[in-house]
Every structure is written in C-alpha cells, then in structure tokens.
Amino acid sequence: MASLSFLASSFSPLLSLSDTKPLTLVKPFSCIVERRRARNLHYLIRPVNAVNAFNDSPDHPNAAAAIENLWLWLCDKGAVSSSSSAVKPAVVPERLGLVAQKNLSRNEVVLEVPKKLWITPDTVAASEIGRVCEQLKPWVSIALFLLYERTRVDSPWRCYLDVLPRATNSTIFWSEEELSELQGTQLSRTNLSARDYVLTEFLKAEEEVILRHNHLFSSSISYDDFLWAFGIIRSRTFSQLRGEKLALIPLADLVNHSSSIITEDSSWQIKGTGIFSRELVFSLRTPVSVKAGEQVFIQYDLQKSNAELALDYGFIESRSDRNTYTLTLEISESDPFFGDKLDIAESNGLGQNAYFDIVLGSSLPPSLLPYLRLVALGGTDAFLLESIFRNSVWGHLELSVSRGNEELICRVVRDACKSALSSFHTTIEEFCRTKGCWKMGFWTQGLQ
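Residues numbered from 1 in each chain as written. Predicted model: local features only at pLDDT ≥ 70, side-chain atom pairs only at ≥ 80, totals over all residues. Heavy atoms only, no water.

Asker: What am I meant to see in the overall build of the chain here?
Answerer: Helices and strands together make up the secondary structure of the chain, namely 16 helices and eleven strands. When the accessible surface of the chain is totalled, it reaches about 20,300 Å², and 50% of it is carbon and sulfur. (Helix = DSSP H or I, 4+ residues; strand = E, 2+ residues; numbered from the N terminus. Areas by Shrake-Rupley, 256 points an atom, 1.4 Å probe, with all protein chains shown as cover.)

Written out as structure tokens, the structure is:
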C-alpha cells in the first residue's frame, strides 16, 4: 500500500531568505510571549502595531551620539544633505527610526543611498579580507566583514557599526529558559535548526578562514559573535535583497515596520542615476503621507507568518492571516511509482517536497488535496499514473480518487496532527489557564 511522508520542520539556509517556508505556531503565541521578560518583553508582550526590529538594544550606549555620528558620516559621504533631507535618524520609542523633517506626501522619496555605501559581497571582495572570502556564501562573507570591521578602531564603517544593536529580539537570541515557552511548536524546532545551521557555518569558516588567516581575524571571534552577525543580517535586509543580491543599506535600515501599512511594493526600489544611469542608489519612499516630526514606516514583508516575524525580528502581529501552519509533504524515494509521481508534481509546479500554508479561518491551499491524493496513489488506483493520463491526471486528483485513497490521506493527516500536538506537555486549555490567557482575552484570537 502507498504511504505518505510528513517531514519535520527544517531551517532553510538564510540567506536564501526568500526560500524560507512559513513556520508553525500551535498554541496561542500571544499567551507564550506574554510571560516573557527583560529585553524581549518590549516587542513580544503583545501583537504590535509598529516596531523597530533592527535596533532592539535597551542597553545600547549613547544612542543619540551614535545616531548623530552616523548622520554626519552620511553627510560627509554626500549621501544626504543636512539642510534639505526629507528624513533624519532619531531616537524614538522603538529605539531608532527615521523622522520626517517636513510634511511628506504618499510615495514621496525620503532618502537615496548610493551603492558605494551599501555593504554587499562586492564590498567584501574589495576589502582587506576579500581574497580569503572568495569561496564563502554571500551572507557568511558579509558576517565576517562585519566582525572584521568591528575590531578595527579606524574602520571606515565605524559610524554605521556603532548604531547596530548588540542583539535583536529574534528568537535565535533567546535563552534556553525563554525558549521553553515555545516547546512543541515548529518555531522552536526551526529556531534550533537555525542555530545549528549557523554553528555549522561558523565552524567551517573558523577552520577554513579565521584560523588560517589569524593576522586578519581576531582569535577571539566566537560562535556568539558569528550568531550576532547572522542576526544583524537577517533582520536588516530588505525583501528581494537577499541571497546573491544580499545588501545592508545604512540609514535606510533604520526604517520601522507598521502593521497598518499593507503594501510593500511602493516602499523602495533600486534605480540608476547619473550619466547613462550607471550609478545605482537605494531609493526609499513613504507608502503613506507623514507629517513633519512623525516617523516614516514601511511594511517589512507581507508574506511572513507570525512565526517568521518572531524568528527574524522578534515581534508578531494580530492579523489572522499571519497565523499559519505549514504542512510539509514528501514523495518518498522508496515509493514504487516515485518517478511518475515526481513528474506529475513537477508538471504542476510542485516537487518531491511540497509546503502548504494552512491559514487560520481560510480555505485550504488548492493544491493540497491533489498533492495528497497523488502521494497516496497505489494499488488499483495507480492506473492514473500511466502516461496516457499525464495531461489530465491533475484534474482527476482534484476530485476523490477512491474510498481507500481518501481514507489513507485522512488517517495520515490525523496521525500527523496527533504527533505534532503530543510535543506539548499540556493541552491548549491547560496552558491558557496556567498562563492566564482566558482573562486576558487572548483565546479569542484562536490557534496560532
């Protein structure tokens, strides 16, 4: 009989951030984070409307002085004008942010940062450590660049480095005690996978680069240092500026997030300026009108689930469509019809592994049931895999194939749900009574 495979959550290597799949929160996440204290409490105590994930560092010294030095550095580099700039960095309730210097209209350009001030793999290649970082992943080379420049007293990037937080509210920086609040969730497992992934990359970089070139790198560079750089890169990069296009944009990365902004397309673009438009700039626009003295906000990423927001930035939103459960399915290589099933899946935009986001209160993804039926096909139903049906089989799979096929997928999904819930030490009701969720009204938000 055919069998179904459900894969445990795994961490997609960063910086193919665009490939990272939404994660799972099973218990009400607001209940979990309500109990947190210290540095994470500020953002995770509740679903927030506007936060600064980039600069969550309560103990950041001399923030005002650091931000003024950054401003003067950018003015000296010709990136901004002290007299005519539309925005200016400032200390705000969310730590640091961009404040309008005049009334701004919707979609008005608020700043443009030239490529010479971006930190990219090209920046690393042109630096003193460029030669030894040639074979590294883009994010690893930038991580080492940040750590290298941070140790240099005379670093040309000193003014930018001084405004970087010592840690973000990302769950990758949570203690073991704090992470116990997430026990049983896919977020917990993915968080562990992320840290393991960073450790693997650190050990590799340490062996192949850091120790071999100790005249360039401090021997005191630790895993915690490397994890800091990972967290900085993950939280500060804009969508679409990841993977091979990875870039840190000083000043622009101080802009804060607001859940009230529901578009991200009009907030920024990379465009050419100068003769023949050969000089690239990062152009940031305000997606809404802003009055002088108020902050400029953008939408970080509409596609991220609350678990991804927690992992990347350390905050969540109250929007129900942020509450997702990702079901991961696999066509097993041991399946006697593996080749046929894989061919059909790929012909319909899927693959050996498929990820389906289950959103609270929404319909199931349209491809979920056909894919489940495909994976479960076997026995007398296997005739649908013959080549004569190849162009029409997906249409057949959108309907029930047979009683046995439907019973199999229902049984396996049910067992998978039981297995996932068994990771928790309490039921949802017991958990919420313990944490006081009932009287705080969080239960009405439903399962996350």
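Asker: How do you make sense of the packing of aromatic side chains when you look at a structure like this?
Answerer: The way to describe two aromatic rings as a pair is by their centre distance and the angle between their planes. All told, the structure shown has 16 aromatic pairs when counted by the stated rule. On the basis of an interplanar angle of 65° and a centroid distance of 6.1 Å, the ring pair of Tyr148 and Phe217 is categorised as edge-to-face. You can see Tyr148 sitting in helix H5 (residues 138-150) and its partner Phe217 sitting in the loop between helix H8 (186-210) and helix H9 (223-236), a full 69 residues away along the chain. Given a relative accessible area of 9%, Tyr148 falls into the buried group. Sitting above the plane of the Trp228 ring, Arg150 keeps its charged end 4.3 Å from the centroid. (Phe/Tyr/Trp six-rings, centres within 6.5 Å; stacked < 30°, edge-to-face > 60°. Buried < 20%, exposed > 50% of the residue type's maximum accessible area, 1.4 Å probe, protein only. Lys NZ or Arg CZ within 6 Å of the ring centre and 35° of its normal.)

Asker: Looking at this structure, I do not really get the side chain of Asp301. What am I missing?
Answerer: Take Asp301: it is sitting in the loop between strand S9 (297-298) and helix H10 (306-312). Once residues lying within four places of it in the same chain are set aside, the contact partners of Asp301 are Ser239, Arg242, Glu264 and Arg322. (Contact = heavy atoms within 4.5 Å.)

Asker: Sorry if this is basic, but what is going on with empty space enclosed by the protein here?
Answerer: Empty space left among the atoms is revealed by rolling a probe the size of a water molecule over them. This model, assessed by the stated rule, comprises two cavities of 30 Å³ or more. Counted as a void, the largest cavity has a volume near 70 Å³. Taken together, twelve residues form the lining of the largest cavity, with Thr237, Phe238, Ser239, Tyr300 and Tyr313 sitting closest to its centre. Considered class by class, the residues forming the lining of the largest cavity number six nonpolar, four polar and two charged. (1 Å grid on protein atoms, 1.4 Å probe; cavity = no way out; pocket = protein on both sides within 12 Å on 5 of 7 lines; lining within 4 Å. Points joined across faces, edges and corners; volume = space filled by probe spheres on them. Nonpolar A, V, L, I, M, F, W, Y, C, P; charged D, E, K, R; others polar.)

Asker: Is there a simple way to think about the environment of Trp139 in this case?
Answerer: Structurally, the position occupied by Trp139 is in helix H5. You can call Trp139 buried: its relative accessible area is 2%. For the pair Trp139 and Ala229, spaced 90 residues apart in sequence, the C-alpha separation works out to 9.2 Å.

Asker: Would you mind showing me how to read the pairing of strand S10 (residues 324-330) here?
Answerer: Taken residue by residue, a regular strand's side chains alternate between the two faces of the sheet. Of all seven residues that make up S10, six are buried, and the element is covered over most of its length. For S10 and strand S11 (residues 353-359), the ladder comprises seven bridges, and the chain directions are antiparallel. Residue pairing in the sheet places Leu329 in a bridge with Ala354 of S11. (Pairing = 2+ DSSP bridges.)

Asker: Just to check I follow, could you spell out the packing of H5 against H8 for this structure?
Answerer: As a packed pair, H5 and H8 sit with axes 11 Å apart at the nearest point and diverge in direction by 70°. Classified by the interaxial angle, the pair formed by H5 and H8 is roughly perpendicular. As H5 runs across H8, the sense of the crossing is right-handed. Touching Trp139, Val140 and Leu144 of H5 are Tyr197, Glu201, Ala205, Val209 and Ile210, all from H8. (Axes fitted to C-alpha atoms, helices over the stretch in contact; angles between N-to-C directions. Parallel < 35°, antiparallel > 145°, perpendicular 65-115°, else oblique. Left-handed = near helix turned anticlockwise from the far one by under 90°.)

Asker: Honestly, the nonpolar core in this entry has me stumped. Any pointers?
Answerer: The nonpolar side chains of soluble globular proteins are, as a tendency, buried together. Ile129, Leu144, Phe217 and Phe282 are the most contacted members of the largest nonpolar core, which has 88 residues in total. The biggest single contributor to this core is H5, with nine residues. With residues near it in sequence (within four places) discarded, Phe282 still touches Leu111, Glu112, Val113, Trp118, Phe238, Leu241, Ile249, Ala252, Trp268, Gln269 and Ile270. (Core = buried A, V, L, I, M, F, W, Y, C linked by side-chain atoms within 4.5 Å.)

Asker: Please clarify how helix H12 (residues 368-376) should be interpreted in this entry.
Answerer: Side chains of residues three or four places apart in an α-helix project in the same direction, reflecting 3.6 residues per turn. In terms of residue burial, H12 counts as a mostly covered element, since eight of its nine residues are buried. Residues of H12 that are buried include every one of Leu368, Pro370, Tyr371, Leu372, Arg373, Leu374, Val375 and Ala376, and no others.

Asker: Explain the pattern of salt bridges to me, please; I cannot follow it from the model alone.
Answerer: It is possible for side chains bearing opposite charge to pair when their charged atoms get close. Under the counting rule described, the total for this entry stands at 20 salt bridges. Of the charged contacts in the structure, one is a salt bridge between Lys271 and Glu112, with a shortest N-O distance of 2.8 Å. Of the two residues, Lys271 is situated in strand S7 (residues 268-273) and Glu112 in strand S5 (residues 109-114); the sequence distance between them amounts to 159 residues. Here Arg319 makes a salt bridge to Glu317, at a shortest N to O gap of 3.5 Å. We classify Arg319 as partly exposed; its relative accessible area is 23%. Here the salt bridges do not stand alone but share partners, grouping Glu128, Glu149, Arg152 and Asp154 into one network. (Salt bridge = Lys/Arg side-chain N within 4 Å of Asp/Glu carboxyl O.)

Asker: What exactly am I supposed to notice about the sheet that holds S5 here?
Answerer: The three strands lie next to each other as S5-S8-S7, forming an open sheet whose pairing is antiparallel. The open sheet terminates on both sides in strands that have one partner only, identified here as S5 and S7. The average undirected angle you get between the axes of adjacent strands in this sheet is 30°. Direction of pairing for S5 relative to strand S8 (residues 279-285): antiparallel, over a ladder of five bridges. Bridge pairing in S8 links Leu111 to Leu284.

Asker: Help me understand the confidence of the model for the chain, please; the structure alone is not making it clear to me.
Answerer: Should pLDDT be low for a region, the predicted coordinates there are not to be read in detail. Looking at the chain as a whole, the pLDDT averages 82, with 81% of positions reaching at least 70. Below pLDDT 50 for its whole length, residues 8-60 participates in 205 contacts with residues either more than four positions away or in separate chains. (pLDDT = per-residue confidence, 0-100.)

Asker: What is the right way to look at the packing of helix H11 (residues 338-347) against H12 in this model?
Answerer: Helix packing for two helices is described by the angle between their axes and how far apart those axes are. Their axes nearest at 10 Å, the elements H11 and H12 cross at an angle of 165°. In terms of axis orientation, H11 runs roughly antiparallel to H12. Once H11 is placed against H12, the crossing between them reads as right-handed. Across the interface between the two elements, Lys341, Ile344 and Ala345 of H11 pack against Tyr371, Leu374, Val375 and Ala376 of H12. Looking at the contact of H11 with H12 residue by residue, the class counts come to six nonpolar, no polar and one charged.

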